[in-house]
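Summary of structural features
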Amino acid sequence: MKLNGINYSLEQPILLQDLLIEHDFQIQRIAVELNGNIIPKAAYGEVTVTDSDNLEVVSFVGGG
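Our subject in this report is the structure included herewith. Quantities reported herein were computed from a predicted structural model and do not represent experimental measurements. (Residues numbered from 1 in each chain as written. Predicted model: local features only at pLDDT ≥ 70, side-chain atom pairs only at ≥ 80, totals over all residues. Heavy atoms only, no water.)

Here we look at the overall build of the chain
Using the following cut-off: A run of H or I in DSSP counts as a helix once it spans at least four residues, and a run of E counts as a strand once it spans at least two, with each numbered from the N terminus. Radius of gyration: over C-alpha atoms. The globule rule applied is 2.2 Å multiplied by the number of residues raised to the 0.38 power.
Secondary structure assignment for the chain yields one helix and seven strands. In sequence order, the secondary structure elements of the chain are arranged as β-β-β-α-β-β-β-β. Against the globule reference of 11 Å for 64 residues, the chain gives a C-alpha radius of gyration of 12 Å, in line with a compact fold. For the chain, the spread of C-alpha atoms along the principal axes amounts to about 40 × 25 × 20 Å.

In structure tokens form, the structure reads like this:
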């Protein structure tokens, strides 16, 4: 699995939500693209990530 350009090995499929939490992402402040498709936040607990997937996670930062 590739996450933001870095390769990781997954021993078994994992829910997207669990993977994001494991990598310390703040779910309310990110957008996720899985294999070229934007995943709605409501689906994070239903979408499974496998070792062959490509994830891009963008964090929103406030400020001015």
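Moving on, there is more to tell.
Structural notes on the environment of Gln12
This is how the line gets drawn: Only protein chains enter the accessibility calculation, which uses a 1.4 Å probe; a residue is then buried when its area is under 20% of its type maximum, exposed when over 50%, and partly exposed in between.
Examined against the element boundaries, Gln12 turns out to sit in the loop between β2 (6-7) and β3 (14-15). Taking the relative accessible area as the measure of exposure, Gln12 reaches 58% and is therefore exposed. Separated by 45 residues in the primary sequence, Gln12 and Val57 have C-alpha atoms spaced 20 Å apart.

Here's the deal with the environment of Gly36
Residue placement: Gly36 occurs in the loop between β4 (30-34) and β5 (37-39). You can call Gly36 exposed: its relative accessible area is 51%. When the C-alpha atoms of Gly36 and Asp51 are compared, they prove to be 16 Å apart, with 15 residues separating the residues in sequence.

What to know about unusual backbone geometry
Located in the positive-phi region is Asn4, a residue other than glycine, with phi close to 50 degrees. With respect to the helices and strands, Asn4 occurs in the loop between β1 (2-3) and β2.

Describing the side chain of Asp53
For clarity, the threshold we go by: Neither His nor the chain termini are counted; the positive set is Lys and Arg, and the negative set is Asp and Glu. A pair is scored as a salt bridge if a Lys or Arg side-chain nitrogen falls within 4 Å of a carboxyl oxygen belonging to Asp or Glu. Pairs of N or O atoms are called polar contacts if they sit within 3.5 Å, as long as, within protein, a hydrogen donor faces a hydrogen acceptor (for residues adjacent in sequence, only side-chain-to-side-chain pairs).
With respect to the helices and strands, the residue Asp53 is situated in the loop between β6 (48-49) and β7 (54-59). The side chain of Asp53 sits in the buried core without any salt bridge; Lys2 is the nearest counter-charge, 13 Å away. Engagement of the side chain of Asp53 in a polar contact is seen with the side chain of Asn35, the distance being 2.7 Å.

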